[in-house]
Amino acid sequence: MATWSNLNYQNSASPLMEQIIFFHDHTLIILIMITILVAYLMMNLFFNNYINRFLLEGQMIELIWTILPAITLIFIALPSLRLLYLLDELNNPLITLKSIGHQWYWSYEYSDFNNIEFDSYMIQSNENLNNFRLLDVDNRIILPMNNQIRILVTATDVIHSWTIPSLGVKIDANPGRLNQTSFFINRPGIYYGQCSEICGANHSFMPIVIESIPMKNFINWINNYSLDDL
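These numbers were taken from a predicted model, which means no experiment stands behind them. (Residues numbered from 1 in each chain as written. Predicted model: local features only at pLDDT ≥ 70, side-chain atom pairs only at ≥ 80, totals over all residues. Heavy atoms only, no water.)

Considerations on the pairing of strand S3 (residues 116-120)
Residues Ile 116, Phe 118 and Ser 120 point to one face of S3 and are all buried, whereas Glu 117 and Asp 119, pointing to the other face, are not buried. Sheet analysis places strand S2 (residues 105-110) next to S3, joined by five bridges and oriented antiparallel. Residue pairing in the sheet places Ser 107 in a bridge with Asp 119 of S3. (Buried < 20%, exposed > 50% of the residue type's maximum accessible area, 1.4 Å probe, protein only. Helix = DSSP H or I, 4+ residues; strand = E, 2+ residues; numbered from the N terminus. Pairing = 2+ DSSP bridges.)

Here it is as structure tokens:
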């Protein structure tokens, strides 16, 4: 999760989020190089007394400063398009989770396991429980690690947005529409997110919490939940 004075991305917990961070660093290096070059040229222009009073045109330099930015944009666009298509790809998901946005909470359904479903409300912070203010919920999403997960997202009232930064997932929840995406959690842990759509006054109080556990523990959780439900 994000912490104080953290100016970088959160630590990634999925391969796609790693690729997003790599692309961010790649683009940032290019922007820094351009900024330094332009600043150097501007400083030279301001602080010299040279002038060419016979200069009428410079077709060669205009050709150069037209082609070089085009090549630079290609170096940014190609990895960006590759990453865009990777984010939209579904690779044989093992589990399907359905997320429904309400004002002001989320509800979840595990359609593959006897229709396990529950609501997830934000809970008040409590120093004894060591939970995070405005980020913890009463019912966490339990998912297995090292497996492809598909999530179907919709809403019942207004547009919400299901967002987990450390997994590289951000998908809109639109009323009357079912959107889908997938993610892969490559390590155990607890991952926090919030509704990132301006869906109303309390949209930032719709936290999302995913608890990633090994497959054996996930199967035990499924069995215990089914028994408790019966």
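Observations concerning the packing of helix H1 (residues 15-46) against helix H2 (residues 59-87)
At a minimum axis separation of 11 Å, H1 and H2 run at an interaxial angle of 165°. It follows that H1 is roughly antiparallel to H2 by the angle criterion. In the packing of H1 onto H2, the handedness of the crossing is left-handed. Across the interface between the two elements, Leu 16, Gln 19, Ile 20, Phe 23, His 26, Thr 27, Ile 30 and Ile 34 from H1 touch Thr 72, Phe 75, Ile 76, Pro 79, Ser 80, Arg 82, Leu 83, Leu 86 and Leu 87 from H2. Within the contact of H1 with H2, the residues separate by chemical class into eleven nonpolar, five polar and one charged. (Axes fitted to C-alpha atoms, helices over the stretch in contact; angles between N-to-C directions. Parallel < 35°, antiparallel > 145°, perpendicular 65-115°, else oblique. Left-handed = near helix turned anticlockwise from the far one by under 90°. Contact = heavy atoms within 4.5 Å. Nonpolar A, V, L, I, M, F, W, Y, C, P; charged D, E, K, R; others polar.)

Topic: the sheet that holds strand S10 (residues 207-213)
Strand order in the open sheet formed by five strands is S4-S10-S9-S6-S7, and the pairing between neighbours is mixed. Lying at the two open borders of the sheet, with one neighbouring strand each, are strand S4 (141-144) and strand S7 (169-173). Taken pair by pair, the neighbouring strands of this sheet meet at an average axis angle of 25°, ignoring direction. Two elements, S4 and S10, share four bridges in a ladder whose sense is parallel. Considered in S10, the bridge of Ile 142 is made with Glu 211.

A few points about the side chain of Ser 120
For Ser 120, the location among the structural elements is in strand S3. By relative accessible area, which is 2% here, Ser 120 ends up buried. Polar side-chain contacts of Ser 120 include one of 2.9 Å to the backbone oxygen of Asn 139. Setting aside anything within four residues of it in sequence, one finds Ser 120 in contact with Tyr 105, Trp 106, Tyr 108, Val 137, Asp 138 and Asn 139. (Polar contact = N/O pair within 3.5 Å; in protein donor to acceptor, adjacent residues only side chain to side chain.)

Re the pattern of salt bridges
The tally for this structure, following the rule as stated, stands at two salt bridges. Ionic pairing is found between Arg 140 and Asp 136, a salt bridge with its closest N-O pair at 3.3 Å. With a shortest N-O distance of 3.5 Å, Glu 211 and Arg 140 are connected by a salt bridge. You can see Glu 211 sitting in strand S10 and its partner Arg 140 sitting in the loop between S3 and S4, a full 71 residues away along the chain. (Salt bridge = Lys/Arg side-chain N within 4 Å of Asp/Glu carboxyl O.)

Some details on the sheet that holds strand S1 (residues 95-102)
Taken in spatial order, the five strands line up as S3-S2-S1-S5-S8 in an open sheet, and their pairing is mixed. Every interior strand has two partners, whereas the edge strands, S3 and strand S8 (179-184), have only one. Taken over all neighbouring pairs, the strand axes of this sheet differ in orientation by 25° on average, direction set aside. Pairing between S1 and strand S5 (residues 148-155): seven bridges, direction parallel. Of the residues in S5, the one forming a bridge with Ile 95 is Ile 149.

That is the geometry; function is a separate question.
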